[in-house]
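Descriptive structure summary
What follows is each chain in one-letter form.
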Number of protein chains: 2
Amino acid sequence: MAGRAAVPEVIWARPERTGRGPKPAFTRADVAAAAVRIADAQGLDGVSMRHVAAELGCGTMSLYNYVPRKEDLYELMLDAIGAEHEMGEPSGDWRADMLRNAYETRAIMRRHPWVPRLMAGVYGFSPNTLRYLEHCLACLEPLEVPYSIKMELVALLNGVVTTYTANELATAERTRSMPWSEEEENAVRIAYLGSQVATGAYPRVAAAFMEASGPIDLEAVFERALQRVMDAFEPRT
Amino acid sequence: MAGRAAVPEVIWARPERTGRGPKPAFTRADVAAAAVRIADAQGLDGVSMRHVAAELGCGTMSLYNYVPRKEDLYELMLDAIGAEHEMGEPSGDWRADMLRNAYETRAIMRRHPWVPRLMAGVYGFSPNTLRYLEHCLACLEPLEVPYSIKMELVALLNGVVTTYTANELATAERTRSMPWSEEEENAVRIAYLGSQVATGAYPRVAAAFMEASGPIDLEAVFERALQRVMDAFEPRT
DNA sequence: CCTAGTTACGTACAGCGTACGTAGTGCGCT
DNA sequence: AGCGCACTACGTACGCTGTACGTAACTAGG
């Protein structure tokens, strides 16, 4: 592979090993794991080709033998994350199973707060993404609607999980490289919000904040959203 | 403003002009507009401090008088986009109004394909975001549920719009800097998907693709998702 | 009026992705 | 068997990034 390809390429379609030449020092999984380790420890901005190479213990440019562009490294990372889904045998209760899947996805994202930011830029199926989709369809076997509708349900649920968890994690991931804490930043933002609401320019927003007595139960909000989406797909009795 | 602040700061809380010193050559809106113009024309990666400064016709470092960090430039851009919502008088039919809002949001994102990627990393309310939230609550006036539930509905609808449109736009925004077209890349990805499905390892995914006769009607899928979410919030009769 | 706070901006630096060239290795083919 | 080529490894170098810092010009408040 002398130069970079002038034609689109999916990294998963490229064989990991062709047989010719000295055998690679690492597997694709090694590379992905190293990148994930760095992202977990230092945030997504710590994932540079140089750092990942150093983590693996090889020269920077050697990385390009495994990954043609940095973007493909991102795809490797997302796929590695996808392997963390448990995907056990479906129970026969599709709502329970999908709820479990959603909570698991959220747990994975909390373990790897950089995932939402990565998902916004990358599109396409990877091996583990496909496995997860297959698993979801297996869980939805008892639901008697066409596959097209099942796909829409999976997409909708994943979308809800992603946006909810992304909002929860955005500040955490961002303040990582800042000299202040997540709590300090949130306090400042809430203070601004309060000052704006106090101007009276947003009466209904103000009323909404008045109505909320204590702190919001994010857990309950999350689960309610999922249940509502699933309600909408329950076949009419 | 000698050095950078060691304490969190919301750009909207910082006054645009304090009165002392020579008056700035541009307004905050000028800066935002220049950045948006570049992002529209060259993609989000074209938005560098140097390019934006050049677009404005000033030195690079002068930009830092208007925007303490690049991230704040992003917030300016998102706020500028928020101003494109029409926010007319609510009709009294909350479903029609919210549907209209959703379609408008999608239209805005299509006009500015970099918006989804930016939304993944930035959190917090800006003046126009607040205006939009207030507008949504105004549209939801006829819906007789507590404000907390209305907020959840707004969040859920916005989430759906964002994830659906993001998926639609991800490839477009990414292939912008590539030597190949969006169609070519999609073809390669679909070819890979087909080859994987053909292995038989994903029987249900295969069945789902078999079932789909023609190309998917993305428009119908989008609208169905919105309707379903709104269904779930309709008070039980 | 003076001076402190602001705008403007050139220079400089560390870090980034990656193009390119070279050296060494070992499988596949003749 | 052995030639040749595809592959691995990696150092160097280039253009680009965000932004810290220093300096000069300017203007409103005391």
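How each quantity is defined
In this convention, every chain numbers its residues from 1, walking through the sequence in written order. Chain labels run from A onward and ligand labels from 1 onward, assigned in the order the entries are written. The model is predicted, so local features are restricted to residues of pLDDT at least 70 and side-chain atom pairs to those at 80 or more, both for listing and for counting; the totals for chains, interfaces and linings are taken over all residues. Where side-chain values are given, they derive from all heavy atoms of the structure, hydrogens and water being excluded. Secondary structure elements are defined from DSSP: runs of H or I of at least 4 residues count as helices, runs of E of at least 2 residues count as strands, and each element is numbered from the N terminus. The buried label goes to any residue with under 20% of its type's maximum accessible area, the exposed label to any with over 50%, and the partly exposed label to all in between, with areas taken from a 1.4 Å probe on protein chains only. Every residue pair with non-hydrogen atoms within 4.5 Å of one another is taken to be in contact. By convention, the term buried area covers the 1.4 Å-probe accessible surface removed from two parts as they join, with the contributions of both added. Should a side-chain nitrogen of Lys or Arg be within 4 Å of a carboxyl oxygen of Asp or Glu, the pair is scored as a salt bridge. Copy-to-copy superposition: least squares on the C-alpha atoms, limited to residues that have pLDDT of at least 70 in both copies. Proximity is defined per residue: any heavy atom of the residue falling within 4 Å of a molecule or strand makes that residue near it. Whenever two N or O atoms come within 3.5 Å, that pair is a polar contact, provided that in protein one can donate a hydrogen and the other can accept it, and provided that, for residues adjacent in sequence, both atoms are side-chain atoms. Residues were grouped as follows: Ala, Val, Leu, Ile, Met, Phe, Trp, Tyr, Cys and Pro as nonpolar; Asp, Glu, Lys and Arg as charged; and all remaining residues, including Gly, as polar. Any two rings among Phe, Tyr and Trp, with Trp reduced to its six-membered ring, count as a pair given centres within 6.5 Å; such a pair is stacked if its planes are under 30 degrees apart, edge-to-face if over 60, and tilted if neither. Placement of a positive charge over a ring is assigned whenever Lys NZ or Arg CZ falls within 6 Å of the ring centre and within 35 degrees of the normal to the ring plane.

This next bit is on the overall build of chain A. The secondary structure content of chain A amounts to ten helices and zero strands. N-terminal to C-terminal, the α/β element order of chain A is α-α-α-α-α-α-α-α-α-α. If you line up chain A on its principal axes, its C-alpha atoms span 70 × 55 × 30 Å. The proportion of buried residues among the 237 residues of chain A is 49%. Restricting to contacts in chain A with at least 6 residues of sequence separation, those with at least 24 account for 67%.

With that settled, consider the interface of chain B and chain A. Counting residues at the interface gives 68 residues for chain B and 68 residues for chain A. Together, Tyr123(B), Tyr192(B) and Arg204(B) form the three largest contributors to the area buried by chain B at its contact with chain A, with a combined 12%. The tally of links from chain B across to chain A stands at ten salt bridges. Of the charged contacts in the structure, one is a salt bridge between Glu134(A) and Arg204(B), with a shortest N-O distance of 3.3 Å.

With an RMSD of 0.0 Å, chain B superimposes on chain A once it is rotated by 180° and translated 0.0 Å along the axis. Taken together, the rotation angle and the small translation identify this as a two-fold axis. By residue overlap, the copies meet face to face through one surface: 100% of the interface positions of chain B are interface positions in chain A.

DNA strand D sits among 26 residues. The nearest are Met61(A), Gly19(B), Met49(B), Arg50(B) and Lys70(B). Within 4 Å of the protein, the contacting atoms of DNA strand D are drawn from sugar and phosphate to the extent of 56%. Within the backbone of Gly59(A), one N or O atom sits 3.1 Å away from a phosphate oxygen of DNA strand D. The leading source of residues in the surface near DNA strand D is helix 2 (residues 49-56) of chain B, at three residues. For the surface near DNA strand D, the residue count by class is twelve nonpolar, nine polar and five charged.

On to the packing of aromatic side chains, then. Applying the stated criterion across every chain yields a total of six aromatic pairs over all chains. The interplanar angle of 55° and the centroid separation of 5.9 Å between the aromatic rings of Phe26(A) and Tyr66(A) together place this pair among those described as tilted. Pair noted here: Phe26(A) is in the segment before helix 1 (28-42) and Tyr66(A) is in the loop between helix 2 (49-56) and helix 3 (70-82), with a separation of 40 residues, a long-range link. Given the relative accessible area of 13%, Tyr66(A) is considered buried. For the ring pair Tyr103(A) and Phe222(A), a centre distance of 5.3 Å and an interplane angle of 85° mean the geometry is edge-to-face. Of this pair, Tyr103(A) sits in helix 4 (residues 94-111) while Phe222(A) sits in helix 10 (residues 218-233), placing them 119 residues apart in sequence. Taking relative accessible area as the criterion, Tyr103(A) reaches 22% and is therefore assigned partly exposed. Cluster of aromatic residues (ring-pair linked, three or more members): Tyr103(A), Tyr164(A) and Phe222(A). Above the plane of the ring of Phe233(B) lies Arg228(A), whose end atom (NZ or CZ) is 4.0 Å from the centre.

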